[in-house]
Amino acid sequence: MAYPVQLLTNIADCEAVLTANEAELRELQVREAVLDLRDDKTSATATNTAAELLSLDASIALLTPMIPTLPAGSKIRHTNELALRQATRRREDLNTAQPTRGPVAALIQALDLRQVQVQIAEIQQCIAEVKAHRESL
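Residues numbered from 1 in each chain as written. Predicted model: local features only at pLDDT ≥ 70, side-chain atom pairs only at ≥ 80, totals over all residues. Heavy atoms only, no water.

### A few points about the overall build of the chain
Broken down by element type, the chain carries 4 helices and 0 strands. Traced from its N-terminal end to its C-terminal end, the chain shows the element sequence α-α-α-α. Expected size for 137 residues packed as a compact globule is a radius of gyration near 14 Å; at 28 Å, the chain overshoots this value by more than 25%. Overall, the chain is about 90 × 20 × 15 Å in size when its C-alpha atoms are taken along their principal axes. Buried residues in the chain amount to 28% of all 137 residues. Restricting to contacts in the chain with at least 6 residues of sequence separation, those with at least 24 account for 83%. (Helix = DSSP H or I, 4+ residues; strand = E, 2+ residues; numbered from the N terminus. Rg over C-alpha atoms; globule rule 2.2 N^0.38 Å. Buried < 20%, exposed > 50% of the residue type's maximum accessible area, 1.4 Å probe, protein only. Contact = heavy atoms within 4.5 Å.)

### Here we look at the packing of helix 1 (residues 11-66) against helix 2 (residues 75-96)
The geometry of helix 1 relative to helix 2 is characterised by a closest axis approach of 9 Å and an angle of 145° between their N-to-C directions. Between helix 1 and helix 2 lies a crossing whose hand is left-handed. Here Thr-49, Glu-52, Leu-53, Leu-56, Asp-57, Ile-60, Leu-63, Thr-64 and Met-66 of helix 1 come into contact with helix 2, specifically with Asn-80, Ala-83, Leu-84, Ala-87, Thr-88, Arg-90, Arg-91, Leu-94 and Asn-95. Here the residues of the contact of helix 1 with helix 2 are counted per class, giving 9 nonpolar, 5 polar and 4 charged. (Axes fitted to C-alpha atoms, helices over the stretch in contact; angles between N-to-C directions. Left-handed = near helix turned anticlockwise from the far one by under 90°. Nonpolar A, V, L, I, M, F, W, Y, C, P; charged D, E, K, R; others polar.)

### Re the pattern of salt bridges
Overall, the coordinates contain 5 salt bridges when judged by the stated rule. The salt bridge involving Asp-57 is made with Arg-91; its shortest N-O contact spans 3.2 Å. Pair noted here: Asp-57 is in helix 1 and Arg-91 is in helix 2, with a separation of 34 residues, a long-range link. By relative accessible area, which is 25% here, Arg-91 ends up partly exposed. Among the ionic contacts, a cluster of salt bridges with common partners joins Glu-15, Arg-134 and Glu-135. (Salt bridge = Lys/Arg side-chain N within 4 Å of Asp/Glu carboxyl O.)

### Some details on the environment of Arg-77
Mapped onto the secondary structure, Arg-77 falls in helix 2. In this structure the C-alpha to C-alpha distance between Arg-77 and Ile-67, which are 10 residues apart in sequence, comes to 6.1 Å. Those residues within four positions of Arg-77 in sequence are excluded, and the remaining contacts are Ile-67, Pro-68, Leu-70, Pro-71 and Ala-72.

### Re the side chain of Glu-129
Its location among the elements puts Glu-129 in helix 4 (residues 103-136). As a buried residue without a salt bridge, Glu-129 has its nearest oppositely charged side chain in Lys-131, at a separation of 13 Å. For Glu-129, the contacting residues outside a window of four places in its chain are Ala-2, Tyr-3 and Val-5. (Lys, Arg positive; Asp, Glu negative; His and termini not counted.)

### Section: the packing of helix 1 against helix 4
Helix 4 packs onto helix 1 with a crossing angle of 160° between their chain directions and a minimal axis gap of 8 Å. By the angle between their axes, helix 1 is roughly antiparallel relative to helix 4. Considering how the two elements wind past one another, helix 1 and helix 4 form a crossing that is left-handed. Classifying every residue of the contact of helix 1 with helix 4 gives 19 nonpolar, 9 polar and 11 charged. (Parallel < 35°, antiparallel > 145°, perpendicular 65-115°, else oblique.)

What follows is the structure, given as structure tokens:
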């Protein structure tokens, strides 16, 4: 859908619209760069978190039935109990952080980035139409 550039009846109006659009475009381009970086980081974090959770679940599943079979008070039992507590605590921490580090956060970050990209494309289209109209005045 074309912008109603015919409403701009003189070059001054066109320049005012172009100035406003170009300022907003610069701001959105900076925001796009920031969101792009965050998108990369959030996606990587979500992937790493999911992999770490799988590894922790495997460790916990291995250690839980093994510990009762080890001699009470032995160094090996103590070491494995400590490893189980650490793995369990780390899993709890990662699960608690899922809203900011997990797949939902990564998807929302990607959506934010794409929304800004659409806005940039629309402003660029508006600028092009205003420039073309300005040339016809």
